[in-house]
Amino acid sequence: MQSNEKEVAMRISSIYPILGAALLAYSQISVAENASVKITSPADGTKLDATAQSKLVYEVIPGPKGDHSHLYVDDKEAAILRQLKGSYELATLSPGQHNICIKIVNKGHTPIGVEQCVKVTVN
């Protein structure tokens, strides 16, 4: 192989990882464009009363790869949410900071990468 051919071969081989990364990013963007999660209550940064029942209000658009959604509190699955729009009464949360997330999942209950999380503080 001549030196010019080697240079062309090296350029082509360096493009494949870049192309692969671009395709992966595009596929994740296309999933995100067609799917969404919106937590309307509680808002991020809200302070909740430990003695009061707290309600999560949400809206989910599962997109073509999603089927339903799961609720997570502090990275632990708390519920399966079958309704696309609604509310859910949260279990009593201990005092301190908590992370509440809704993740869109497929029929096999595997997250598709679309989620929204809010952080709350319970007093």
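Our structure's up above, just so we're on the same page.
Values in this document were obtained by computation on a predicted structure and should not be read as measured data.

Visitor: Account for the environment of N123, with residues named and values stated.
Guide: Relative to the helices and strands, N123 resides in the segment after β8 (111-122). Along the primary structure N123 and S94 are separated by 29 residues, whereas in three dimensions their C-alpha atoms are 8.3 Å apart. Those residues within four positions of N123 in sequence are excluded, and the remaining contacts are K47, L48, D49 and A50.

Visitor: Break down the pattern of salt bridges for me, citing the residues and quoting the values.
Guide: Tallied over the full model, the rule gives one salt bridge. With a shortest N-O distance of 3.9 Å, R82 and D67 are connected by a salt bridge. Taken together, the residues span a long stretch of sequence, with R82 in the loop between β5 (76-81) and β6 (85-89) and D67 in the loop between β3 (55-61) and β4 (68-73) at a distance of 15 residues. A relative accessible area of 31% places D67 in the partly exposed class.

Visitor: Before we move on, could you go through the side chain of K103 and cite the residues and values that matter?
Guide: Take K103: it is sitting in strand β7 (residues 96-105). This buried residue, K103, is left without a salt bridge; E115 holds the nearest opposite charge, at 4.1 Å. In this structure K103 touches H68, S69, H70, Y72, V114 and E115, once residues within four positions along its chain are discounted.

What counts and how
- Numbering of residues begins from 1 in every chain and follows the order in which that chain's sequence is written.
- Local features in this predicted model are restricted to residues of pLDDT 70 or higher, and side-chain atom pairs are both shown and tallied only at a pLDDT of 80 or more, whereas totals for entire chains, interfaces and linings draw on every residue.
- No hydrogens and no water enter the side-chain calculation; it runs on all heavy atoms of the structure.
- Every helix listed is a DSSP run of H or I at least four residues long, and every strand listed is a run of E at least two residues long, numbered separately from the N terminus.
- Contact between two residues is taken to exist if any of their heavy atoms lie within 4.5 Å; hydrogens are not considered.
- A side-chain nitrogen of Lys or Arg and a carboxyl oxygen of Asp or Glu constitute a salt bridge if their distance falls within 4 Å.
- Exposure is judged per residue with a 1.4 Å probe applied to protein chains only, and the accessible area is read against the type maximum: over 50% gives exposed, under 20% gives buried, and values in between give partly exposed.
- Charged residues are defined narrowly, with Lys and Arg counted positive, Asp and Glu counted negative, and His plus the chain ends left uncounted.

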